[in-house]
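Residue strings, one per chain:
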Amino acid sequence: MTGQALQASDRPLVDQHDVALLDLDGVVYVGADAVPEVPRIIGTAAEAGMRFGYVTNNASRTPHEVGEHLRRLGIPALDNEVITSSQAASRVLASRLPPGSSVLIVGTAALAAEVENAGLRAVWAAAERPVGVVQGYHPELSSSMLAEACVAVRAGAFWVATNADSTLPSPRGPLPGNGSFVQVVARTTGATPVVAGKPEPAMHTECVLRTGARRPLVVGDRLDTDIEGARRAHVPSLLVLTGVARAADLLAAPPGQRPTYLAADLGGILAPQPGIERSDGLAQCENWLVRERSGSLQLTWAGDGDGSDAVHASDQAAVDCAALRAIAVLAWDVGTTQTVAGDQAARGALTRLELAAG
Ligand SMILES: [Mg+2]
């Protein structure tokens, strides 16, 4: 059930999955603020019986701090529903090292707390002869902290990175993320860490263990972490377009990063997923038809009239997503992402999807 990308679902996703594992930044919030409508959507899905895991690769905040952030936004999250890469990394360490082993912390007090929760001893200097090193994001990471890590890793300590994201989004554009600092230690020592965070399987294992999910749905905004992580764990995924991934990224996605489902935003969990009709050089989703025409993909409105339904739809974003579904499956098939509009309605949709030529 997870192999094929962009599947149909006759029933709303909320009826098919017991737990939604939500990525946070770009799905639930952007920066400090909630994505519009998300608190209401989570409330509605919870009333229908869905449970949630709030999943983040960021290791610098405790589950309580993340939980407080979510509650400030009006989302009734419990601290024990927050799952961080610090927890996944600590479980990896505890599975490999005897209880009480010393682990050097390169990161925040939040990371140290999770290491201690896992029955290990957090230390801050290589002189304490740690048998493990855990490295996570610290907003004021210093060169001397990296030096401690290099000494301990070179002495043979088991090295785990909470995550390998090379950048961190910021209002000023991408800034160095944990993965970039991990590279400093790797280049200095010649060693390679075990990585716990998405898309690595340790993170998904942590989510399932902590939520008890039987039929989880992974919801994310990034193809290379959220969606790839779900595929590697053989779990269905929903890509939302409220964060990093744009329509053009979906068209260019390699097979290992193609989502099971697609929606404009988290509201997609409350709805069915429309099917896509396929035939040679042709794809149709709802009222949109896509044809291969001399190396490009031509989108046209196949519904009644001139497509003014599409232009004035009450749920414009869902109508546009139907167009994107049809374009994506054909793009993956024929290996082109070049898209052209066949009529006025298509021009509007491609412009909103940022796929219009030029
Ligand atoms: Mg995200």
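Colleague: Sorry if this is basic, but what is going on with the overall build of the protein here?
Modeller: When you go through the protein residue by residue, the secondary structure sums to 12 helices and 20 strands. Overall, the protein is about 75 × 45 × 35 Å in size when its C-alpha atoms are taken along their principal axes. Put simply, the protein has 358 residues, and 50% of those count as buried. For the protein, contacts bridging at least 24 residues in sequence account for 70% of all contacts bridging at least 6.

Colleague: Where do I start with unusual backbone geometry in this structure?
Modeller: Trans peptide bonds make up the majority, and among non-glycine residues the majority have a negative phi. With an omega of 5°, the peptide bond running from Lys 198 to Pro 199 counts as cis. Relative to the helices and strands, Pro 199 resides in the loop between β12 (194–195) and α7 (201–211). A positive phi is found at Leu 6, a non-glycine position, where the angle reads about 50°. Relative to the helices and strands, Leu 6 is located in the segment before β1 (19–23). Looking at Leu 6, the number of C-beta atoms within 10 Å reads 23, which means it is buried. Positive phi is not limited to glycine here, since Glu 37 has a value of about 75°. You can call Glu 37 partly exposed: it has 13 C-beta atoms within 10 Å.

Colleague: What is the right way to read helix α5 (residues 143–154) from this model?
Modeller: Each turn of an α-helix holds 3.6 residues, which means side chains three or four residues apart point in the same direction. Its 12 residues place the ends of α5 16 Å apart at the C-alpha level, agreeing with the 16 Å of an ideal helix rising 1.5 Å per residue. Listed as buried for α5 are Glu 148, Ala 149, Ala 152 and Val 153. Angularly, the buried residues of α5 cover 125° about the axis, an arc narrow enough to put them on a single face. Turned more than 90 degrees away from the buried face of α5, the exposed residues are Ser 143 and Ser 144.

Colleague: Looking at this structure, how should I read the domain arrangement of the protein?
Modeller: Interfaces are often sized by the amount of accessible area the parts lose when they come together. Along its sequence, the protein is organised into domain 1 (13–57 + 199–270), domain 2 (90–194) and domain 3 (276–352). Using C-alpha coordinates to define each centre, domain 1 is positioned 27 Å away from domain 2. The interface of domain 1 with domain 2 comprises four residues on the first partner and five residues on the second. Across the side of domain 1 that touches domain 2, the residue classes break down as one nonpolar, one polar and two charged.

Colleague: I would appreciate a short explanation of the nonpolar core in the present structure.
Modeller: The nonpolar side chains of a soluble globular protein tend to be buried with one another. Counting residues in each nonpolar core, the largest one holds 112 residues, and the members touching the most others are Tyr 54, Val 219, Ala 326 and Ile 327. Per-element tally for this core: the top contributor is helix α11 (residues 316–334), with 11 residues. Residue contacts for Tyr 54: discarding those within four places in its chain leaves Leu 22, Leu 24, Val 28, Val 66, Leu 70, Ala 77, Glu 81, Val 82 and Ile 83.

Colleague: What is the right way to read the pairing of strand β9 (residues 158–161) from this model?
Modeller: Relative to β9, strand β8 (residues 132–135) runs parallel, the two being bridged by four bridges. What sits directly across from Val 133, in β9, is Trp 159. Tracing the backbone out of β8, into α5 and back to the parallel element β9 gives a crossover that is right-handed.

Colleague: I keep staring at the sheet that holds strand β14 (residues 237–240) and nothing clicks. Help me out?
Modeller: Sheets are built from strands that pair by backbone hydrogen bonding, the pairs being arranged parallel or antiparallel. Strand order in this open sheet of six strands is β5-β4-β1-β13-β14-β15, and the pairing throughout is parallel. This sheet does not close on itself; its edge strands, each paired only once, are β5 (82–84) and β15 (261–263). Averaged over all pairs of adjacent strands, the angle between their axes in this sheet comes to 25°, without regard to strand direction. Note that β1 and strand β13 (residues 216–220) share four bridges and pair parallel. The residue bridging Val 19 from the neighbouring strand is Pro 216, located in β13. Seen against the sheet, helix α8 (residues 223–232) touches β1, β13 and β14 and runs at an angle of roughly 160° to β13.

Colleague: Help me understand the environment of Leu 217 in this model?
Modeller: Within the secondary structure, Leu 217 is located in strand β13. Using a count of 23 C-beta atoms within 10 Å as the deciding quantity, one classes Leu 217 as buried. Here the alpha-carbon distance between Leu 217 and Ser 237, two residues 20 residues apart in the chain, equals 5.6 Å. Residue contacts for Leu 217: discarding those within four places in its chain leaves Leu 13, His 17, Ala 20, Pro 236 and Leu 238.

What counts as what
- Residues numbered from 1 in each chain as written.
- Predicted model: local features only at pLDDT ≥ 70, side-chain atom pairs only at ≥ 80, totals over all residues.
- Helix = DSSP H or I, 4+ residues; strand = E, 2+ residues; numbered from the N terminus.
- Buried ≥ 20, exposed ≤ 12 C-beta atoms within 10 Å, placed from the backbone.
- Contact = placed C-beta atoms within 7 Å.
- Expected span 1.5 Å × (residues − 1).
- Arc of directions from axis to C-beta.
- Domains from an automatic or database assignment.
- Nonpolar A, V, L, I, M, F, W, Y, C, P; charged D, E, K, R; others polar.
- Core = buried A, V, L, I, M, F, W, Y, C linked by C-beta atoms within 7 Å.
- Pairing = 2+ DSSP bridges.
- Right-handed = clockwise from strand over helix to strand, strands pointing away.
- Axes fitted to C-alpha atoms, helices over the stretch in contact; angles between N-to-C directions.

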